[in-house]
Amino acid sequence: MEPIRVILLPGAVLPAEQAYAGLIAALGSDVQAVAKELELYRDEQPPPGWTLDTEVEGVLREADARGWQTFHLLGYSGGGSVALAFAAKHPERLQSLAVLEPAWAGNWDWSRSYAEHRRLYEELEGLPPEEFMAGFMRLQVRPDVVLPPPEPGPPPPWMARRPAGILAFLRTFKDYDLDRSRLAAFSRPVYYAVGGLSHPDDQGDVAARLARVFFPDFHLEVFPRRHHFDPPHRIEPERLAESLRRHWDLAEGRPAGHHEAVPSAAP
């Protein structure tokens, strides 16, 4: 039996290989998973004119280079927004879609509370990097969640590019046209994971709106003890791997339980 082929897209902070190491190990050897870095970070600064379409084209190049005519796509946070954009533009290339707390999911059907929450993101622009990152993290979790302090010592070199990358995401979200009708017409299975400790005016609202798009095959899974910055692909990779294998098996018509997952520890 051919391995399951999947491209994994990270969020705007942690590099792809670090983000998905635990999940890839938990998925087992019969899942050919590729952790693809964002085009946003190919150079020291975001590419001129960068939008979600830049990332969509990058996913196409990755798949074509591997000879994958069809594949599964998974994205977390900013990568989840890219995955939604890809599904709207190239549905014929996907066997299924999985999104883990997408950072944004279109500019339609916003609730009043969500619109106010998005306005708070705009207020972050212009802040010094440390204040920007602290505010960015706080907006994505419930008010009573205690976020961990920064790691001691100097930040890793890749961290210096992250504030500009996050701002690029926030700016393209303002005017990117995520076509609601094309997304609603996506007929392949859709899996959506959300943390119970993520901010309800942010991820809770996005999950509800996407559920109302009426994907023909939509499955929402809540991870009660997780939030946006301790997501299941890093903290509960075995549980997420089990859900994803079931999702992909159904999408491909495979018999359930044929995988050989291996133990993994969260990075």
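Residues numbered from 1 in each chain as written. Predicted model: local features only at pLDDT ≥ 70, side-chain atom pairs only at ≥ 80, totals over all residues. Heavy atoms only, no water.

**Observations concerning the sheet that holds strand 6 (residues 218-223)**
The six strands lie next to each other as 2-1-3-4-5-6, forming an open sheet whose pairing is parallel. Each edge of the open sheet carries a strand with a single partner, namely strand 2 (31-35) and strand 6. Strand after strand, the sheet turns through a mean of 15 degrees between neighbouring axes, direction not considered. Bridge count between strand 4 (residues 94-100) and strand 5 (residues 190-195): four bridges; the pairing is parallel. Bridge pairing links Leu100 to Ala193 in strand 5. Strands in contact with helix 1 (residues 16-27) are strand 1 (4-9), strand 2 and strand 3 (71-76); relative to strand 2, the strand with the most contacts, it is inclined by about 175 degrees. Of the strands in this sheet, strand 5 and strand 6 are in contact with helix 8 (residues 200-211), which crosses strand 5 at around 160 degrees. (Pairing = 2+ DSSP bridges. Helix = DSSP H or I, 4+ residues; strand = E, 2+ residues; numbered from the N terminus. Axes fitted to C-alpha atoms, helices over the stretch in contact; angles between N-to-C directions. Contact = heavy atoms within 4.5 Å.)

**Let's talk about the packing of aromatic side chains**
Evaluation of the coordinates by the stated rule reveals twelve aromatic pairs. When the ring of Trp104 is compared with that of Phe173, the centres are 5.0 Å apart and the planes differ by 10 degrees; the resulting orientation is stacked. Residue Trp104 is found in the loop between strand 4 and helix 4 (112-122), and its partner Phe173 is found in helix 6 (residues 162-175); the two are separated by 69 residues along the sequence. Taken together through their ring pairs, the aromatic side chains of Trp50, Trp104, Phe169, Phe173 and Tyr176 make up a single cluster. The ring of Tyr121 carries the charged tip of Arg118 above its face, separated from the ring centre by 4.5 Å. A cation sits over an aromatic face here: Arg239 above Phe223, 4.0 Å from the ring centre. (Phe/Tyr/Trp six-rings, centres within 6.5 Å; stacked < 30°, edge-to-face > 60°. Lys NZ or Arg CZ within 6 Å of the ring centre and 35° of its normal.)

**Some points on the packing of helix 2 (residues 52-65) against helix 3 (residues 78-89)**
The interhelical angle for the contact between helix 2 and helix 3, taken along N-to-C directions, is 75 degrees, at an axis separation of 9 Å. For the element pair helix 2 / helix 3, the angle class is roughly perpendicular. Packed against helix 2, whose contacting residues are Leu52, Asp53, Glu55, Val56, Val59 and Leu60, the element helix 3 presents Ser81, Val82, Ala85, Phe86 and Lys89 at the interface. For the contact of helix 2 with helix 3, the class distribution of residues is seven nonpolar, one polar and three charged. (Parallel < 35°, antiparallel > 145°, perpendicular 65-115°, else oblique. Nonpolar A, V, L, I, M, F, W, Y, C, P; charged D, E, K, R; others polar.)

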